[in-house]
Amino acid sequence: MMTTEIPKPTLIESVKSLSDRDEFKVIVSFIRDERERFFADLRQAQDSNEVMKITGSISTLSEMLELLSAQPE
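Residues numbered from 1 in each chain as written. Predicted model: local features only at pLDDT ≥ 70, side-chain atom pairs only at ≥ 80, totals over all residues. Heavy atoms only, no water.

Undergrad: Sorry if this is basic, but what is going on with the pattern of salt bridges here?
TA: In a structure, side chains of opposite charge can pair up when their charged atoms sit close to one another. Tallied over the full model, the rule gives 3 salt bridges. Between Arg21 and Glu23 there is a salt bridge whose closest N-O contact spans 3.4 Å. Given a relative accessible area of 45%, Arg21 falls into the partly exposed group. The class for Glu23 is partly exposed, based on a relative accessible area of 48%. One salt bridge connects Arg37 with Glu34, and the closest N-O pair in it is separated by 2.9 Å. One end of the pair is Arg37 and the other is Glu34, both in helix H2 (residues 22-44) and 3 residues apart, which spans about a single turn. Looking at Glu34, the relative accessible area reads 21%, which means it is partly exposed. One network of salt bridges, with partners in common, ties together Glu34, Arg37 and Asp41. (Salt bridge = Lys/Arg side-chain N within 4 Å of Asp/Glu carboxyl O. Buried < 20%, exposed > 50% of the residue type's maximum accessible area, 1.4 Å probe, protein only. Helix = DSSP H or I, 4+ residues; strand = E, 2+ residues; numbered from the N terminus.)

Undergrad: Explain the packing of aromatic side chains here, please?
TA: Aromatic ring pairs are defined here through the distance separating the ring centres and the angle between the ring planes. Per the counting criterion, the structure on display carries 0 aromatic pairs. Directly above the aromatic system of Phe38 lies the positively charged group of Arg37, at a separation of 4.6 Å from the ring centroid. (Phe/Tyr/Trp six-rings, centres within 6.5 Å; stacked < 30°, edge-to-face > 60°. Lys NZ or Arg CZ within 6 Å of the ring centre and 35° of its normal.)

Undergrad: Looking at this structure, I do not really get the nonpolar core. What am I missing?
TA: Among the nonpolar cores identified, the biggest contains 9 residues, and these are Val15, Phe24, Val28, Ile31, Phe38, Ile54, Ile58, Leu61 and Leu65. For this core, the secondary-structure elements that each account for two or more residues are H2 and helix H3 (48-68). Sequence-distant contacts of Phe24, defined by excluding residues within four places in its chain, comprise Val15, Leu18, Ser19 and Leu68. (Core = buried A, V, L, I, M, F, W, Y, C linked by side-chain atoms within 4.5 Å. Contact = heavy atoms within 4.5 Å.)

Undergrad: Where do I start with H3 in this structure?
TA: The terminal C-alpha atoms of H3 lie 30 Å apart, and with 21 residues this matches the ideal 30 Å at 1.5 Å per residue to within 8%. Taken together, the buried positions of H3 are Ile54, Ile58, Leu61 and Leu65. Taken end-on, H3 shows its buried residues confined to a sector of 70°, consistent with a single buried face. In this structure, H3 carries Ser48, Asn49, Met52, Lys53 and Glu66 as exposed residues pointing more than 90 degrees from its buried face. Buried residues along H3 sit against H2. (Expected span 1.5 Å × (residues − 1). Arc of directions from axis to C-beta.)

Structure follows, in structure tokens:
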């Protein structure tokens, strides 16, 4: 039996369909809060290794926020 594959939504389509949901907003808010916490941690960093770890985390969270607020081009 052949089945027809249903096309998967794109990231932008998925974000758009979820963006009004309270659960989605909670997730985005949590990621923002975590990023801010890492900025605070950065001010307390003791050495370059710690700075690199924290900036990597900030970068990752920033990228996630950018993807979760994806807008069609």
